[in-house]
Amino acid sequence: MSTAAQPIRVLVVEDDPVAADAHMMYVGRVPGFVAVGKAHTGAEARRMLDRTPVDLLLLDLHLPDVHGLQLARSLRAAGHHTDVIAVTSARDLTMVREGVSLGVVQYVLKPFTFATLRDRLVRYAEFRGTAGEASGQDEVDRALATLRAPGPAALPKGLSGPTLERVTGALRGSEEGLTAAGVAEAVGISRITARRYLEHLVDAGRAGRSPQYGQVGRPELVYRWARAR
């Protein structure tokens with residue numbers, strides 16, 4: 001992580017108000033970073049950049065008034081040299097290549113967890129903190145690898161990747177949503193374990209939950225996958 005006294009200032013550009021608030025909260029939880037504001041359109045982002053010092057854009061590429069890469073291009077032309085972490089549900093590698101020349105240093109695919117974004121931010125801070133003259137090719141390669149080769153995000157203690165994949169698959173495959181009992185039956189785990197995985201997905205912003213009222217007894221929570229836009 002960078003040892004600079006000043007935190008890295010991040011502007012969140014995201015048209016979905018709920019997602020924008022979540023992304024600002026995520027940024028604020030990473031030491032060394034501060035969310036200086038949020039913009040819901042490209043035009044609003046330009047206005048904020050003209051009056052607010054920003055080091056990094058957390059930029060949704062699908063804005064209502066402009067594509068994110070077009071916004072990045074216009075900012076470069078206007079003399080803004082803010083780095084960009086692009087947020088998108090698209091997986092077009094041509095777009096990825098185009099973004100490199102426009103200051104896009106990382107891509108984060110929706111939906112993503114706090115741990116995923118934290119990993120990207122930490123690596124960006126490490127790369128940003130490199131200074132001086134490299135001793136050779138190996139040092140240059142290591143600096144670039146810090147930025148370009150993020151490792152897998154760690155799961156909370158007691159959760160496993162394969163089981164999370166099965167829970168995710170069951171939830172994504174249900175249009176009506178599933179209870180913890182339904183997930184437990186589909187995946188072959190206990191109801192308590194299923195609820196832990198489901199709550200992890202909710203905390204990560206990848207699922208939502210709502211009460212389902214029956215004829216008798218207390219309401220039961222139904223979990224639904226957060227569909228990417």
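Residues numbered from 1 in each chain as written. Predicted model: local features only at pLDDT ≥ 70, side-chain atom pairs only at ≥ 80, totals over all residues. Heavy atoms only, no water.

A. Representation of the packing of helix H7 (residues 161-172) against helix H8 (residues 180-187) within the structure. Where H7 contacts H8, the axes come no closer than 10 Å and their chain directions differ by 115 degrees. In the crossing of H7 with H8, the sense of the turn from one axis to the other is right-handed. Together, Arg-166, Val-167 and Ala-170 of H7 and Val-183, Ala-186 and Val-187 of H8 make up the contact between the two elements. (Axes fitted to C-alpha atoms, helices over the stretch in contact; angles between N-to-C directions. Helix = DSSP H or I, 4+ residues; strand = E, 2+ residues; numbered from the N terminus. Left-handed = near helix turned anticlockwise from the far one by under 90°. Contact = heavy atoms within 4.5 Å.)

B. Highlighting the pattern of salt bridges. Within this structure, the stated rule accounts for six salt bridges. Here Arg-209 ties to Glu-199 by a salt bridge, and the two come within 2.6 Å at their closest N and O atoms. Within this pair, whereas Arg-209 is found in strand E6 (residues 207-212), its partner Glu-199 is found in helix H9 (residues 191-203), the two being separated by ten residues in sequence. For Glu-199, a relative accessible area of 22% corresponds to the partly exposed category. Sharing partners across several salt bridges, the network here consists of Asp-119, Arg-120 and Arg-123. (Salt bridge = Lys/Arg side-chain N within 4 Å of Asp/Glu carboxyl O. Buried < 20%, exposed > 50% of the residue type's maximum accessible area, 1.4 Å probe, protein only.)

C. Broad picture of the packing of aromatic side chains. Scanning the entire structure with this criterion turns up one aromatic pair. Pairing Tyr-26 with Phe-114 gives two aromatic rings, centres 5.6 Å apart and planes at 55 degrees, and the pair type is tilted. With a gap of 88 residues between them, Tyr-26 in helix H1 (residues 17-28) and Phe-114 in helix H5 (residues 114-128) connect regions that are remote in the sequence. Using a relative accessible area of 11% as the deciding quantity, one classes Phe-114 as buried. Here the guanidinium or amino end of Arg-29 rests over the ring plane of Phe-114, the centre of that ring lying 3.8 Å away. (Phe/Tyr/Trp six-rings, centres within 6.5 Å; stacked < 30°, edge-to-face > 60°. Lys NZ or Arg CZ within 6 Å of the ring centre and 35° of its normal.)

D. Quick look at the environment of Phe-112. The residue Phe-112 is located in the loop between strand E5 (104-109) and H5 in this model. Here Phe-112 falls in the buried class, since its relative accessible area comes to 7%. The spatial distance from the C-alpha of Phe-112 to the C-alpha of Leu-201 is 9.8 Å, given a sequence separation of 89 residues. Non-local contacts of Phe-112, meaning those with residues more than four positions away in its chain, are made with His-23, Tyr-26, Val-87, Leu-117 and Ala-204.

E. Highlighting helix H3 (residues 68-77). Those residues of H3 that sit buried are Gly-68, Leu-69, Leu-71, Ala-72 and Leu-75. Around the axis of H3, the buried residues are gathered within 155 degrees of arc, so they sit on the same side. Taken from the residues just after H3, Gly-79 is the one with a positive phi, measuring 95 degrees. (Arc of directions from axis to C-beta.)

F. Local environment of the nonpolar core. Among the nonpolar cores identified, the biggest contains 21 residues, and Leu-11, Val-13, Leu-57, Leu-59 and Leu-71 are the most heavily contacted of them. The set of elements that each furnish at least two residues to this core consists of strand E1 (8-13), helix H2 (42-51), strand E3 (56-60), H3, strand E4 (83-88) and E5. Here the element with the most residues in this core is H3; it accounts for four residues. In this view, Leu-59 contacts Val-13, Gly-68, Leu-71, Val-84, Ile-85, Ala-86 and Val-87; residues no more than four positions away in its chain are not counted. Core analysis: the second largest hydrophobic core is formed by 20 residues, Leu-56, Val-87, Val-108 and Phe-114 among them. (Core = buried A, V, L, I, M, F, W, Y, C linked by side-chain atoms within 4.5 Å.)

G. H8, seen in detail. Along H8, the positions that sit buried rather than exposed are Ala-180, Val-183, Ala-184 and Val-187. Along the long axis of H8, the arc covered by the buried residues comes to 105 degrees, so they all point the same way. Of the exposed residues in H8, the ones pointing more than 90 degrees away from its buried face are Glu-185 and Ala-186. Along its buried surface, H8 packs onto H7, H9 and strand E7 (220-225). Looking at the residues trailing H8, positive phi occurs at Gly-188, about 90 degrees.

All quantities given are derived from atomic positions and should not be read as evidence of function.
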